[in-house]
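This is what each chain is made of:
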Amino acid sequence: MNIINKFRTALCAVALTSGIAQAQQIPVFNNYTVNPYLINPARAGSDDGGRLFFSVRKQWADMPSGPLTNYGTFDIKFKNTNTGFGAYAYHDRVHDNNINSNSGGGLTYAYHIPFNKAKTHFLSVGISAGIYNLRNNFTNANMVDDVEQGYYSSTSVDLAAGINYHFKGLNVGF
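Description of the structure in this document.

A closer look at the sheet that holds strand β7 (residues 170-173)
With antiparallel pairing, seven strands are arranged side by side in an open sheet as β1-β2-β3-β4-β5-β6-β7. Each edge of the sheet is formed by a strand with only one pairing partner; in this case those strands are β1 (50-58) and β7. Each adjacent strand pair in this sheet contributes to an overall mean axis angle of 15°, direction not counted.

What follows is the structure, encoded as C-alpha cells:
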C-alpha cells in the first residue's frame with residue numbers, strides 16, 4: 001500500500017469516527033511539572049509527606065471576560081504503608097457572565113509497590129472517582145443567531161485510572 005492510499009484510509013477513518021465522537025469541556029491546568037497528581041492518579045502519595053496546592057489561572061489577563069480556573073489538590077502517603085490518598089476540587093469559568101462553567105471534585109486512592117528498601121524504585125497504580133457539573137447559562141448571553149436561550153446543567157461521574165513507574169528521578173506514567 002503506497003503512502004497516498006494510507007493517507008486516504010486514515011482520512012476516511014477520521015471522517016467516519018468524527019460523527020460519533022463526543023468531547024467534554026475540561027479545565028486547562030498548567031502546573032503539571034510541580035503537581036503531577038493533576039494528570040495521573042497513581043502519583044497520589046508518591047512522595048514522602050503530603051502536598052497541598054492551590055492555583056488560580058486567569059487567561060487573557062487584560063480581557064475582563066477571560067477564562068478563569070481555580071483548583072486545589074491534596075495528596076499524602078500514609079506512614080509505614082504503601083498507600084496514598086488524594087483529593088481535588090476545581091471550578092472553571094469560561095466567561096464573566098457565567099455563560100459556561102464547570103465544577104468538580106473527587107477522591108483518589110493509590111498503591112505503590114516498592115522494588116527496593118530505599119523506595120527509590122517503585123511502581124504505582126491509582127484510581128480516582130469524582131463528580132463534575134457542566135452548566136450553560138444562556139439567559140444573559142448576547143446571541144447573534146436566534147438560539148433558544150435558557151439554563152442547562154448536566155452532572156456526571158468522572159473516573160480516572162493511572163499507572164506510574166518511578167526509578168530514582170525518572171517517572172513514566174500512563
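Notes on the pattern of salt bridges
The final tally for this structure, using the stated rule, is two salt bridges. A salt bridge links Arg-51 to Asp-47; the shortest N-O distance between them is 2.7 Å. By relative accessible area, Arg-51 is classed as buried at 12%. On the basis of relative accessibility, which here comes to 34%, the residue Asp-47 falls in the partly exposed class. Here Arg-51 makes a salt bridge to Asp-75, at a shortest N to O gap of 2.7 Å.

With respect to the nonpolar core
If you look at the biggest cluster of nonpolar residues, it comprises eight residues: Phe-29, Tyr-37, Ala-44, Tyr-71, Tyr-88, Tyr-90, Ala-110 and Tyr-132. Discounting residues that sit within four places of it in the chain, Phe-29 has contacts with Leu-38, Thr-69, Tyr-71 and Tyr-90.

A word on the pairing of strand β3 (residues 83-93)
Summarising the sheet, strand β2 (residues 68-77) and β3 pair through ten bridges and their orientation is antiparallel. Opposite Phe-74, over in β3, you have Ala-87 as the bridge partner. Count of turn residues in the β2/β3 antiparallel hairpin: five residues, of which Asn-80 carries a positive phi of about 60°. Bridging between β3 and strand β4 (residues 100-114) involves eleven bridges; their strand directions are antiparallel. Paired with Phe-85 across the two strands is Tyr-109, which belongs to β4.

Structural notes on the environment of Arg-135
Secondary-structure assignment places Arg-135 in strand β5 (residues 121-137). Residue classification places Arg-135 among the buried positions, given a relative accessible area of 18%. When near neighbours in sequence (up to four residues on either side) are disregarded, Arg-135 contacts His-91, Ile-99, Asn-100, Ser-101, Ser-103, Tyr-151, Tyr-152 and Ser-153. In this structure the side chain of Arg-135 is engaged in a polar contact, spanning 2.4 Å, whose partner is the side chain of Asn-133.

Each value, and the rule that gives it
Residues numbered from 1 in each chain as written. Predicted model: local features only at pLDDT ≥ 70, side-chain atom pairs only at ≥ 80, totals over all residues. Heavy atoms only, no water. Pairing = 2+ DSSP bridges. Helix = DSSP H or I, 4+ residues; strand = E, 2+ residues; numbered from the N terminus. Axes fitted to C-alpha atoms, helices over the stretch in contact; angles between N-to-C directions. Salt bridge = Lys/Arg side-chain N within 4 Å of Asp/Glu carboxyl O. Buried < 20%, exposed > 50% of the residue type's maximum accessible area, 1.4 Å probe, protein only. Core = buried A, V, L, I, M, F, W, Y, C linked by side-chain atoms within 4.5 Å. Contact = heavy atoms within 4.5 Å. Polar contact = N/O pair within 3.5 Å; in protein donor to acceptor, adjacent residues only side chain to side chain.

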